[in-house]
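Residue strings, one per chain:
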Amino acid sequence: TVSVLYWPNQTTAMAAAAGMLTTLAWVPMGAMRKVPLKAAEEAEQAKAILREREGVDGDDDDAHMAGPGADDSDDGEDAVFSHGAGNVTEQVESDDEEEVDDMTFKDTDLVFAASRASDDPHFELYVYDDPKDNLFLHHDAHLSAFPLCSTWLSDGTTSMLAVGTMHPFIEIWSLDVMDPVAPLLVLGGCEEMQKNYKRKLRKEWLKPESHTDAVVSIQWNRKAQQYLATGGADATIKLWDLLAGTCVGTYRESARVQATEWHPNEGNLLLSCCGDELSIRDCRQPDAAACRWTIPNDTVENVKWDVHSGSVFASTHSGKMCAFEAKMNGAQLWGVEAHGSETVFDISPHAPLLCAGGKDGKTTLWDIRTTPTAPIVERKLGVGQTFQVQFHPNIPQVVGAVGSNGQPLVYTVTDDVAPAGFTF
């Protein structure tokens, strides 16, 4: 048997009408505030934000946006989190005990954020109540544009989501706040905050440090937690200092940067890909040459570190998966045809197990203890074209996936991988 859970009572047609889910980010166990906070923006302030998002010009004072662009504080190192402090006042309360229970996070809850690409782009926070075998939507928040990438992050007290979209800036949202109106922080974008939400952005409005095109990839550095890496359609990789809220480094590449991935144990090493290349660079030595590998006649779309073998993995537009030695002039170790095209994948942090998906709508599990020749199992689980798969950071047998049909998937792989000798 396979445990597969979807957003309840949502048919494929309804999901398609609501828009596809393009990104997924698990929240580690226990990282959410048990009782969420509620936003306290003034009504007129909220209306001004909505006017800007709808492309309606208003008085500059009325259109003033809450968040980092509106904060004149000189709080220094705490700036990344102090920006949003004035927008939160108290815990969520209700006379309905059942509603309060649904809103309160339990120790056993598995929580993830999924981003929806629709006429009304937004991210959705889901909770899987494991003991009750129930998946439900907890709350959501509107995004500025079509979402392309996301990553969970925290300052030790607040759970946050950083989202890259078709716009050239990054929005960082508090997940601990119910239905927030504005992000805690915006990295890059326009000098005047409210211009970020106009229908058309002009390059002359942008900060010098900003991406100039869509933000395609993003990852928080869990070792050096002050830093965030982003890759753009403008062929740049940018390193962001979250405490200062500014860009501290830019690397220029030859093509759109499809993926960025910090080493899980060495916070100075950044893996990325663009065009037919993948590369590793040491961010302590910005002028040093990067280690590079090429997959000819293809486009590299995803890259991951394999902590179990010390190698790096890549997947391509044509559906291949490859592994390389993670060193200068390192050799390709193997390559395999994984999916028909546009393969996405993730490697479990707990075991040498890989989960992949693709445009073919299939989900596969691979044993990577040796050179893989075929998946352990191949299933069509109903997510449509798969845009992201991700293992849970704490629960080794759980994988999340999102795709074109707009239904989030929670997949318990225990029974499927047991014949290959994996036990959890």
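So, how was this worked out
- Residues numbered from 1 in each chain as written.
- Predicted model: local features only at pLDDT ≥ 70, side-chain atom pairs only at ≥ 80, totals over all residues.
- Heavy atoms only, no water.
- Helix = DSSP H or I, 4+ residues; strand = E, 2+ residues; numbered from the N terminus.
- Buried < 20%, exposed > 50% of the residue type's maximum accessible area, 1.4 Å probe, protein only.
- Contact = heavy atoms within 4.5 Å.
- Areas by Shrake-Rupley, 256 points an atom, 1.4 Å probe, with all protein chains shown as cover.
- Pairing = 2+ DSSP bridges.
- Axes fitted to C-alpha atoms, helices over the stretch in contact; angles between N-to-C directions.
- Phe/Tyr/Trp six-rings, centres within 6.5 Å; stacked < 30°, edge-to-face > 60°.
- Lys NZ or Arg CZ within 6 Å of the ring centre and 35° of its normal.
- Salt bridge = Lys/Arg side-chain N within 4 Å of Asp/Glu carboxyl O.

**Q** Please explain the overall build of the protein as it appears in this structure.
**A** What the protein contains, in helices and strands, is 5 helices and 31 strands. Burial statistics for the protein: of 424 residues in total, 54% are counted as buried. Once local pairs closer than 6 in sequence are excluded, the contacts in the protein between residues at least 24 apart make up 50%. For the protein, the computed accessible surface area is about 17900 Å², with 46% contributed by carbon and sulfur atoms.

**Q** Explanation requested: the sheet that holds strand 13 (residues 215–220) in the structure shown.
**A** The strands making up a sheet are joined through hydrogen bonds of the backbone, oriented either antiparallel or parallel. Taken together, the 4 strands give an open sheet; going across it, the order is 13-14-15-16, and neighbouring strands pair in antiparallel fashion. Strand pairing shows two members of the sheet lacking a second neighbour, strand 13 and strand 16 (246–252), which therefore form its edges. Going from strand to strand, the sheet's axes swing by 20° on average, the running direction of each strand aside. Judged from the 5 bridges that link them, strand 13 and strand 14 (residues 227–232) form a sheet pairing that is antiparallel. Bridge pairing in strand 14 places Trp220 opposite Leu228.

**Q** Explain the sheet that holds strand 20 (residues 291–294) to me, please; I cannot follow it from the model alone.
**A** Read across the sheet, 4 strands follow the order 17-18-19-20 without closing on themselves; strand pairing throughout is antiparallel. Strands with a single pairing partner mark the edges of an open sheet, and in this sheet they are strand 17 (257–262) and strand 20. Adjacent strand axes in the sheet meet at a mean angle of 15° when their direction is disregarded. In the sheet, strand 17 pairs with strand 18 (residues 269–274) via 5 bridges, with the strands oriented antiparallel. Opposite Glu261, over in strand 18, you have Leu271 as the bridge partner.

**Q** Quick question: what am I supposed to make of the pairing of strand 14 here?
**A** Each regular strand shows side chains that alternate between the opposite faces of the sheet. With 5 of 6 residues buried, strand 14 is to be regarded as a mostly interior element. Hairpin connection, strand 13 to strand 14: the antiparallel pair is bridged by 6 residues. Alignment of strand 14 against strand 15 (residues 236–241), held across 5 bridges, turns out to be antiparallel. The partner of Leu228 across the bridge, within strand 15, is Trp240.

**Q** Would you take a moment to explain the side chain of Ser341 for this structure?
**A** Within the secondary structure layout, Ser341 lies in the loop between strand 24 (332–337) and strand 25 (344–347). A relative accessible area of 19% places Ser341 in the buried class. Look past the residues within four positions of Ser341 in its chain and what remains in contact with it is His317, Ser318, Gly319, Gly358 and Lys359.

**Q** Hey, could you run me through the packing of aromatic side chains in this one?
**A** Each aromatic ring pair is characterised by the separation of its centres together with the angle its planes make. Considering all chains together, one arrives at 7 aromatic pairs under this definition. Ring centres of Phe123 and Trp173 lie 5.8 Å apart, and the angle between their planes is 65°; on these two criteria the pair is classed as edge-to-face. With Phe123 in strand 6 (residues 122–129) and Trp173 in strand 10 (residues 169–174), this residue pair connects regions lying 50 residues apart in the sequence. Given the relative accessible area of 0%, Phe123 is considered buried. Between Phe313 and Trp334, the ring centres sit 5.2 Å apart and the planes meet at 85°, which makes this aromatic pair edge-to-face. Separated by 21 residues along the polypeptide, Phe313 in strand 22 (residues 312–316) and Trp334 in strand 24 bring together distant segments of the chain. In terms of burial, Phe313 and Trp334 fall into one category: buried. Here the aromatic residues Trp26, Phe112 and Tyr126 are joined through ring pairs into a cluster of three or more. When the ring centre of Tyr251 is taken as reference, the NZ or CZ atom of Arg281 above it lies at 4.4 Å. The lysine or arginine in question, Arg369, covers the ring of Phe422, its NZ or CZ lying 4.3 Å from the ring centre.

**Q** Where do I start with the pattern of salt bridges in this structure?
**A** Where charged atoms from two side chains of opposite charge come close, those side chains can pair. In total, this model carries 13 salt bridges according to the counting rule given. The residue Glu253 makes a salt bridge to Arg292 at a minimum N-O spacing of 3.1 Å. Separated by 39 residues along the polypeptide, Glu253 in the loop between strand 16 and strand 17 and Arg292 in strand 20 bring together distant segments of the chain. Note that Glu342 and Lys359 form a salt bridge whose closest N and O atoms lie 3.8 Å from each other. Here Lys359 lies in the loop between strand 26 (353–357) and strand 27 (363–367) and Glu342 lies in the loop between strand 24 and strand 25, a separation of 17 residues in the sequence. The class for Lys359 is partly exposed, based on a relative accessible area of 46%. Look at the salt bridges and you will find they share partners, linking Glu253, Glu277, Arg281 and Arg292 into a network.

Shape descriptors only; they carry no functional weight alone.
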